[in-house]
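# Analysis of the macromolecular model
Okay, here's what each chain looks like letter by letter:
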Amino acid sequence: MKYSEEILQSPQVQRAVAAAKSGTFSHAYAVVAEDEYPTGVVALQLVAAIGKLSLKRAEEGGYADVHVLPPARDKVLSADIEFITSTAYITPTELDNKFYIVKKASTMNESGQNKLLKTLEEAPPSVVIVLEVQSLAAMLPTVMSRCSRIDVPPMPLEVLTAALQRNYSSRDVYSAAALSGGYVGKAEKILSDEKFTGDFSLALDTLLNMRTAKDILTFSRRWTDRKETLPDVLDCLSVILSDCLSASEGAVARIRLKDNIKDIKTLANSFGSVAAVKIMPFIAAAKRDLSQNCNAQAVVDGLLFKILEVKTKCLKS
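Criteria and cut-off values
- Residues numbered from 1 in each chain as written.
- Predicted model: local features only at pLDDT ≥ 70, side-chain atom pairs only at ≥ 80, totals over all residues.
- Heavy atoms only, no water.
- Buried < 20%, exposed > 50% of the residue type's maximum accessible area, 1.4 Å probe, protein only.
- Helix = DSSP H or I, 4+ residues; strand = E, 2+ residues; numbered from the N terminus.
- Pairing = 2+ DSSP bridges.
- Right-handed = clockwise from strand over helix to strand, strands pointing away.
- 1 Å grid on protein atoms, 1.4 Å probe; cavity = no way out; pocket = protein on both sides within 12 Å on 5 of 7 lines; lining within 4 Å.
- Points joined across faces, edges and corners; volume = space filled by probe spheres on them.
- Nonpolar A, V, L, I, M, F, W, Y, C, P; charged D, E, K, R; others polar.

Below, the discussion takes up the pairing of strand β3 (residues 98–102). Most of β3 sits inside the fold, with five of its five residues counted as buried. With burial as the criterion, each face of β3 is covered, one bearing K98, Y100 and V102 and the other bearing F99 and I101. Across four bridges, strand β2 (residues 66–69) lies against β3 in parallel orientation. Within the sheet, the bridge partner assigned to H67 lies in β3 and is Y100. In this region the chain leaves β2, passes through helix α5 (residues 78–87) and returns to the parallel neighbour β3; the handedness of that crossover is right-handed. By the bridge criterion, five bridges tie β3 to strand β4 (residues 127–133) in an arrangement that is parallel. Bridged to I101 within β4 is V130. In this view, the connection linking β3 to its parallel neighbour β4 by way of helix α6 (residues 110–122) has right-handed handedness.

Listed below in structure tokens is the structure:
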């Protein structure tokens, strides 16, 4: 996998993989991260280390005793759990161990998790179950308590940016890395989404060119035209203002949007650190309101008004 080297730099991951290679391993793991990409890398690395398998062959599905579930689906179904519980006690075909990698484990419903629980508790010595968990809130504590937990941290921004630059020439790499929270899967989704460039440009243009109350109507129309991606526009807005804060404090090295430094410095002069800090809670409130299906037009108008109001008051003070 393209970014496995960077993902495997985490000390916790390295310890777990090293223990597995030495023969000290658990029969149930929960690999935890907000992003599917790193959980997939670590789960496969664990399986290869425990079984002393070819990583490439395991990745290509070349082992009869390495089962990856669900097959080409976005959700774990009861049939997937049934497959694990009904085959776990059958002797492995070609390997010393039988492996089950459960991708998107957080999509298991409570009934499915409870059904899997007994196998987690009483699995035969030859079985290893690896759950890829992207949402701890969706997992039953009883299931998590039966697993050795491996938390995969987000990549440092500079490491992620450098990794993305090996595979992308886009000038959006810096903004994608900043918006991803340090998770490469999220960054790649941003870079592959044609709408992202428009979301980012709109957020930046709003801060640069919304100067009077008359401008609110124009920008409001542009924002509501992107109704489906408004949360992404808000995320872009947060990152831009965070960089403005760094620039206002003279910490240019902390600016994440390296391709937009000129604009960031311009905004730092027009907003200042106080305005940037005061606007952040309004962005968070707008995201919350949108998630609760509040009227998008009202949310946008309210936020744009607050941005202009805070900016004006801070410049006068």
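The next thing to look at is the layout of surface pockets. The volume enclosed by the largest pocket comes to roughly 170 Å³. As for the largest pocket, its lining consists of twelve residues, of which L44, A58, E59, V68 and I101 are closest to the centre. Sorting the residues of the lining of the largest pocket by element identifies α3 (36–51), α4 (55–59) and β2 as the ones contributing at least two each. The residue inventory of the lining of the largest pocket, partitioned by class, reads seven nonpolar, two polar and three charged.

What is shown is where atoms sit, not what they do.
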